[in-house]
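Each chain, written out:
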Amino acid sequence: MRIPCPYCGERDAHEFVYRGDAAPQRPDGAEANEAAFADYVYPRANVAGAMHEHWYHAQGCRTWIVVERDTRSHAIAGATLAREAKR
Amino acid sequence: MVGALPAAGGGLAVSERGDLGIATIMARASSTAALAQRVAERFGIALIDGPILSGAGAVRFAGTGPGSWLSFCEGADPFWACSMAVQLDGVASVFDQSSGYAVLRLGGAEAMPMLQSGAFIDLHADAFPVGAVAVTVIAHVGAILIRVGEAQFDVAVFRSFAGSFWHWLATSAAARGVPLHRFSEDG
Ligand SMILES: [Zn+2]
């Protein structure tokens, strides 16, 4: 699998570290209760289809990116730097 | 000196660039534009935030990631990185890597095919022209590739991995039947 890094260009997947779903938002530590944190840390949707994922380009630009990948076909629709991704 | 590297004919010429000062330059948060302006003022270099080599003189900046560069200075004194930190004070963080990286210069007709046999990126001149930079891996060793000429590449690896990289280079050259010429800068 080739991943289109926004900085480096297309690179082999073995240069990257996979983190997972990019959708969960960290709750405000001062405000949130345990249930909100458990929800943030553990349950995942197991999407069949297009999803946004965090990948770390460890053997490249050493930057987190958000990749839109279809989990059924591995087709990649695009990628953005995580720092520039819409939250 | 690197300029004295003899022509390698059909082979592969390798020399270590031992005279380099090396430093990591990282723009402070939201300071990439300010850093570019400072570099333009102090060095007359148009700093590009991308995987490209900026500068053509003794000091050059190789883009290694968003807002980060590996800068090189030919014939640098031991305090060069410190002076760099002073020059870029307030807009970038500067880390001395002069002893952290080993930089090899590969030249000759076999330089590109050799590197291509180890790197998972397209090194054809259309995709990786002179001035292009890539941070990638060769034989599981992190390597920064810079195309400095049509048939000339600089390869920076962490110094403690230089022996492993050399092993890959020598073994791969032998497997490909490529004569390898090793030059010392001391002559
Ligand atoms: Zn990258």
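The coordinates are above.
Residues numbered from 1 in each chain as written. Chains lettered and ligands numbered in written order. Predicted model: local features only at pLDDT ≥ 70, side-chain atom pairs only at ≥ 80, totals over all residues. Heavy atoms only, no water.

Taken together, the contacts link 13 residues of chain A with 17 residues of chain B. In this assembly, chain A packs against chain B so that about 1200 Å² is buried in total across both faces, 53% of it on carbon and sulfur atoms. Viewed at the interface, chain B and chain A are joined by zero salt bridges. Put simply, chain A and chain B have six residue pairs in polar contact (both at pLDDT 80 or more) between them. (Contact = heavy atoms within 4.5 Å. Buried area = accessible area lost by both parts, 1.4 Å probe. Salt bridge = Lys/Arg side-chain N within 4 Å of Asp/Glu carboxyl O. Polar contact = N/O pair within 3.5 Å; in protein donor to acceptor, adjacent residues only side chain to side chain.)

Residue and element names in this part refer to chain A. One open sheet accounts for four strands, arranged E3-E4-E5-E6; its pairing is antiparallel. Whereas interior strands pair on both sides, the edge strands pair on one side only; in this sheet they are strand E3 (17-21) and strand E6 (76-81). Strand-to-strand, the axes of this sheet are offset by a mean angle of 30°, without reference to chain direction. Relative to strand E5 (residues 64-70), strand E4 (residues 50-56) runs antiparallel, the two being bridged by seven bridges. By the bridge assignment, His-52 is partnered in E5 with Glu-68. (Pairing = 2+ DSSP bridges. Helix = DSSP H or I, 4+ residues; strand = E, 2+ residues; numbered from the N terminus. Axes fitted to C-alpha atoms, helices over the stretch in contact; angles between N-to-C directions.)

Within the structure shown, the criterion is met by nine salt bridges over all chains. Arg72(A) is the salt-bridge partner of Asp70(A), the closest N and O atoms lying 3.3 Å from each other. Classification of Asp70(A) by relative accessible area gives buried; the value is 17%. Here Glu16(B) makes a salt bridge to Arg159(B), at a shortest N to O gap of 3.2 Å. Here Glu16(B) is found in strand E1 (residues 12-16), whereas its partner Arg159(B) is found in the loop between strand E10 (152-158) and helix H4 (162-175), with 143 residues between them in sequence. By relative accessible area, Arg159(B) is classed as partly exposed at 38%. Through salt bridges with shared partners, one network takes in Arg17(B), Glu74(B), Arg105(B) and Asp154(B). (Buried < 20%, exposed > 50% of the residue type's maximum accessible area, 1.4 Å probe, protein only.)

Let us now look at the pairing of strand E9 (residues 141-149) of chain B. Residues and elements named next belong to chain B. In terms of burial, E9 is a largely internal element, seven of the nine residues being buried. Where strand E8 (residues 133-138) meets E9, six bridges bridge the pair, whose relative direction is antiparallel. Among the inter-strand pairings, Thr-136 is bridged to a residue of E9, identified as Ala-143. What sits between E8 and E9 in their antiparallel hairpin is a turn of two residues, with Ala-139 showing a positive phi close to 55°. Inspection of the sheet shows E9 paired to E10 by six bridges, in the antiparallel sense. When the bridges of E10 are listed, Ile-144 appears paired with Ala-156.

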